[in-house]
Amino acid sequence: MHNAGNILLVSALISSAYVVGASLLGGIYRSLSWLESARRGLWTTSALIFLASAVLITALVTDQFSLQYVYQYSNSTMPLFYKFAAFWGGQNGSLLFWVLILSVYASLAVFFYRFSHLDLMPYVITTLSILQGFFLILLIFQANPFDLMPFTVVDGRGLNPLLQNYYMTIHPPSLYLGYVGMSIPFAFAMAALISGRLDNQWVIIIRRWTLTAWFFLSLGNLLGASWAYEVLGWGGYWAWDPVENAAFMPWLSASAFLHSVIIQEKRNMLKTWNMALVILSFVLTLTGTFLTRSGIVSSVHSFAQSDIGTYFLVFLVLVVTVSGGFLIYRLPALKSKNHFDSLLSREASFLLNNLVLVGAALAVLWGTIFPVISEAIRGVKITVGAPYFNKVMVPIGLALLVLTGIGPMVPWKKTSVEALKKNFLWPVALCVGTSIPVYLWVSHSVWVVLSFSFCSFVLGTIYLEYYRGIKIRIQNLKESFSTALIRLVSKNERRYGGYIVHFGIVLLFVGFTGSAFKIEKEIQVKQSQAFSIGDYTIQFDNVVPEQDPHKEVIKAQFSVWKHEKPFAYMDAAKVFYKSQVPGEPAQPATEASIRRSLKEDLYLALISFEPSDRTIFIKAIVNPLVQWIWIGGLFVMLGTFVVIWPKSNSLHPRSS
Amino acid sequence: MTTLVLLLIMIGFAAWVLAPHWKKKGAYHYIHFFETPIVLQQLKESKSLLLQSLRELDLDYETGKLSVEDYKELTQKTRAQTAEVLLEIDQEEEKWKIFKQQWEKHVHE
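Residues numbered from 1 in each chain as written. Chains lettered and ligands numbered in written order. Predicted model: local features only at pLDDT ≥ 70, side-chain atom pairs only at ≥ 80, totals over all residues.

What's the story with the environment of A:L508 in this structure? I'm lost.
Residues and elements named next belong to chain A. Along the chain, the position of L508 falls in helix α19 (residues 493–514). With 22 C-beta atoms packed within 10 Å, L508 lands in the buried category. Distance from L508 to I629, taken between C-alpha atoms, is 4.4 Å for residues 121 residues apart in sequence. Dropping the residues within four chain positions of it, L508 is found in contact with I629, G632 and G633. (Helix = DSSP H or I, 4+ residues; strand = E, 2+ residues; numbered from the N terminus. Buried ≥ 20, exposed ≤ 12 C-beta atoms within 10 Å, placed from the backbone. Contact = placed C-beta atoms within 7 Å.)

The following block contains the structure:
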């Protein structure tokens, strides 16, 4: 396994080096033979990386504890799917997983465009092969998953208990698909800059790739939030941890690009801005990875403290210098002949939305790197936590929310004040109509009032857009309501799919706003004792121990009453995962009990149990509206899916 | 044994990757990438975007986002642009037809 893995990695590195040279020659001399050879070389590199991954997975599944990585992240009692998930459970394996996903993306891109975009493809292949090469260098010289143990062991340490959860099989792959997916738009942007082909060709190609990456980033972030909520036992879903921020920053910049690219397509404007956004999104994925894997900022995630940070930093500087250099060199060619006709236009509102989104990404970046900057300047590491992010991001988020409603209601190029009044009358009335009862009966908080009011404003605009579109089809084409709805969406999938995403965003904001009403209690209770929280009375009934070869479970059982009526029985557990290495203590994890409803969740997490007097320490939380976050997430996914869904001739257009 | 199998796989891959260099001229030889279809492709993309813009202008007008004056002015402008692009497409298609005939003649010779 050790030899096979290393031979495959080294061969893949040699192959990627060849591809860089071959593709450059193909591009410079416009040679189809070199281009074809480079194309085959990229597929070869990808196949070798796939084989290396297969070797590591086989080693994990068949308990080859002679490999350090298998010893560190697996053991003989772990269920098969966790052994498989251990492939990305540790740093070295996750880097191999990263380059594997990159290889799949790269192979697909090269396959789809094998007959088209011949002027761009050589440099797309060069960029992707350089990325593959970088990760292969890391894997071979710094984070080798095929390193041998210095001594013989009979069993492994096992996967971190927090990772032994079904989310482990879906959350990291989704997030990596999102992160790595940003490489394809970056490769096309670099190809456009290098080749000088700066027309709209490259943006049209990458829109769907960026949407795919954005889809997986959204899914990954949501799954991560859901995992944190269910497993970490603190009752929240987002902690502004550097690793979370690392995934959030490229999501924000990619969101900006997905809006501004429409302006380039329709008005041939913002070419430089779009190029910068694609580069920024990719650089932010590298920055996030550098920050969290170098150990320079601390994170609840377990990848910190390693030497690969230096490699990432050097690569990051190279990427910024080369891409920035090309961008400056091509600035004259990127200048747009068109200009904004009016501030009252969709392009102006999209530009404003872009500025706010990029501002949000930079605010998150600032908060994430602030500990590093404070240490460099003042010698003291000052960590800014949730208070900073909430203070900065709440107004930014609300500005974005209101722009979500304004943008679609304004036409391209220009509009009149009369048309604006007509379009915004009902949504604004709905907004004001919501704010008054919310202020009087729900909350006096400005942010809460604004959030619910803006949500109703955006809902009003989405409703109007659908209503008017359907009405026109029914009137002009004599279609039934359902036919009109389906055809409206299928014929304008970007516009109306986008509205479904916006609807999901509104529901997400409803869920986020619910956290303003959160009630939290940490309390020590004895058996048969009860306590109250919100509308609930909770009685601690009993503690039941359970055991299997893999883990020990202490389950606390509760009877719950709501408004003094029997409501539910709930079990909150503390799980102790046994280590198979003699002398190592069991590793604890929390399994919270959650009673979900659209109005609120009742959340119970067992913190500790004292057997001598049968006392438990419990965290109880009433989390209002949190379910709307997951429902909103589903709509975001659905809407993105509608927008991504390819039209019959758009996937791989042939040039001739 | 594993090393030998891997070595054979590598040789196979290397041969496949280098094969385009050994093929007969014509299949994978030095040629100038076809510029005409690229221009044509861009023009067709512009045409499709302009037609989409016209559809959106109609939708914006019918949904009350545009006044009659703005709608007329913007539609007229976009139609004029579309007509220009359609003319250019015709010219490029003619050029490409001639280029292809010349190229095929060159390959046969």
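After that view of the structure, there is still more to cover.
I tried to follow the packing of helix α2 (residues 32–61) of chain A against helix α5 (residues 91–112) of chain A on my own but got confused; where do I start?
Packed helices, taken two at a time, are described by their axes: the angle between them and the distance between them. Residues and elements named next belong to chain A. One can describe the packing of α2 onto α5 by two numbers: an axis separation of 9 Å at closest approach and a directional angle of 145°. The way α2 lies across α5 gives a crossing that is left-handed. Across the interface between the two elements, R39, L42, W43, T45, S46, I49, F50, A52, S53 and L56 of α2 pack against G93, L96, V99, L100, S103, A106, S107 and V110 of α5. Its residues assigned to classes, the contact of α2 with α5 comprises 11 nonpolar, 6 polar and 1 charged. (Axes fitted to C-alpha atoms, helices over the stretch in contact; angles between N-to-C directions. Left-handed = near helix turned anticlockwise from the far one by under 90°. Nonpolar A, V, L, I, M, F, W, Y, C, P; charged D, E, K, R; others polar.)

What is the right way to look at the interface of chain B and chain A in this model?
The parts lose accessible area when they come together, and the size of an interface is often stated as this lost area. Across the boundary between the two partners, chain B contributes 34 residues, which contact 39 residues of chain A. Secondary-structure elements contributing two or more residues to the side of chain B that touches chain A are α1 (2–22), α2 (35–62) and α3 (68–108) of chain B. Its residues placed into classes, the side of chain B that touches chain A shows 17 nonpolar, 11 polar and 6 charged.

What am I meant to see in the packing of α2(A) against helix α6 (residues 121–141) of chain A here?
Residues and elements named next belong to chain A. At their nearest, the axes of α2 and α6 sit 10 Å apart, and the two run at 30° to each other. One element, α2, and the other, α6, form an angle in the roughly parallel class. Like other packed secondary-structure pairs, α2 and α6 cross with a definite hand, here left-handed. On α6, the residues touching L35, A38, R39, L42 and T45 of α2 are M121, P122, I125, L128, S129 and Q132. Its residues placed into classes, the contact of α2 with α6 shows 7 nonpolar, 3 polar and 1 charged. (Parallel < 35°, antiparallel > 145°, perpendicular 65-115°, else oblique.)

Please clarify how the sheet that holds strand β1 (residues 519–526) of chain A should be interpreted in this entry.
Hydrogen bonds between backbone groups are what pair the strands of a sheet, and the pairing can be parallel or antiparallel. All names here are of chain A. Taken in spatial order, the 4 strands make up an open sheet running β1-β9-β8-β7, and their pairing is antiparallel. Two strands in the sheet have a free side with no partner beyond their single neighbour: β1 and β7 (593–595). Along the sheet, successive strands turn relative to each other by an average axial angle of 20°, direction set aside. (Pairing = 2+ DSSP bridges.)

Which parts of the structure should I look at to understand the nonpolar core?
Nonpolar side chains in soluble globular proteins generally cluster together in the buried interior. Residue and element names in this part refer to chain A. With 182 residues, the main nonpolar core has V124, F135, F188, A189 and A191 as its most contacted residues. The dominant element in this core, judged by the number of residues it contributes, is helix α9 (residues 201–231), at 18 residues. One finds Y536, I538, F540 and L604 within the second-largest nonpolar core, a separate group that totals 19 residues. (Core = buried A, V, L, I, M, F, W, Y, C linked by C-beta atoms within 7 Å.)

Please explain α19(A) as it appears in this structure.
Within an α-helix, residues lying three or four positions from one another point in the same direction, as the helix has 3.6 residues per turn. Over its 22 residues, α19(A) runs 31 Å from end to end, which matches the ideal 32 Å to within 8%, given 1.5 Å per residue. When you tally the buried positions in α19(A), you get 19 out of 22 residues, the bulk of the element. (Expected span 1.5 Å × (residues − 1).)

Can you help me understand the pairing of strand β2 (residues 530–533) of chain A in this one?
Consecutive residues of a regular strand have side chains that alternate between opposite faces of the sheet. All names here are of chain A. Where β2 and strand β3 (residues 536–547) come together, 4 bridges link them in antiparallel fashion. When the bridges of β3 are listed, I533 appears paired with Y536. Between the antiparallel neighbours β2 and β3 lie 2 residues, among them G534 with a positive phi of about 55°.

Got a minute to help me understand the sheet that holds strand β6 (residues 587–591) of chain A in this structure?
Residue and element names in this part refer to chain A. Strand order in the open sheet made by the 5 strands is β2-β3-β4-β5-β6, with antiparallel pairing throughout. The sheet is open, and its two edges are formed by β2 and β6, each paired on a single side. On average, each strand axis in the sheet is tilted by 30° relative to the strand beside it, whichever way the strands run.

Can you help me understand the pairing of strand β5 (residues 565–577) of chain A in this one?
All names here are of chain A. Looking at chain direction, strand β4 (residues 551–562) and β5 are connected through 12 bridges and run antiparallel. If you follow K551 over to β5, its bridge partner there is Y577. Across 5 bridges, β5 lies against β6 in antiparallel orientation. For F576, the partnering residue across the bridge sits in β6 and is P588.

I would appreciate a short explanation of the confidence of the model for chain B in the present structure.
Low-pLDDT stretches of the model should not have their predicted coordinates read in fine detail. All names here are of chain B. Overall, the prediction assigns chain B a mean pLDDT of 79, with 81% of residues at 70 or greater. The element-level mean pLDDT for chain B is lowest in α2, coming to 78, with α1 highest at 87. ipTM for the predicted complex: 0.72, alongside a pTM of 0.89. (pLDDT = per-residue confidence, 0-100.)

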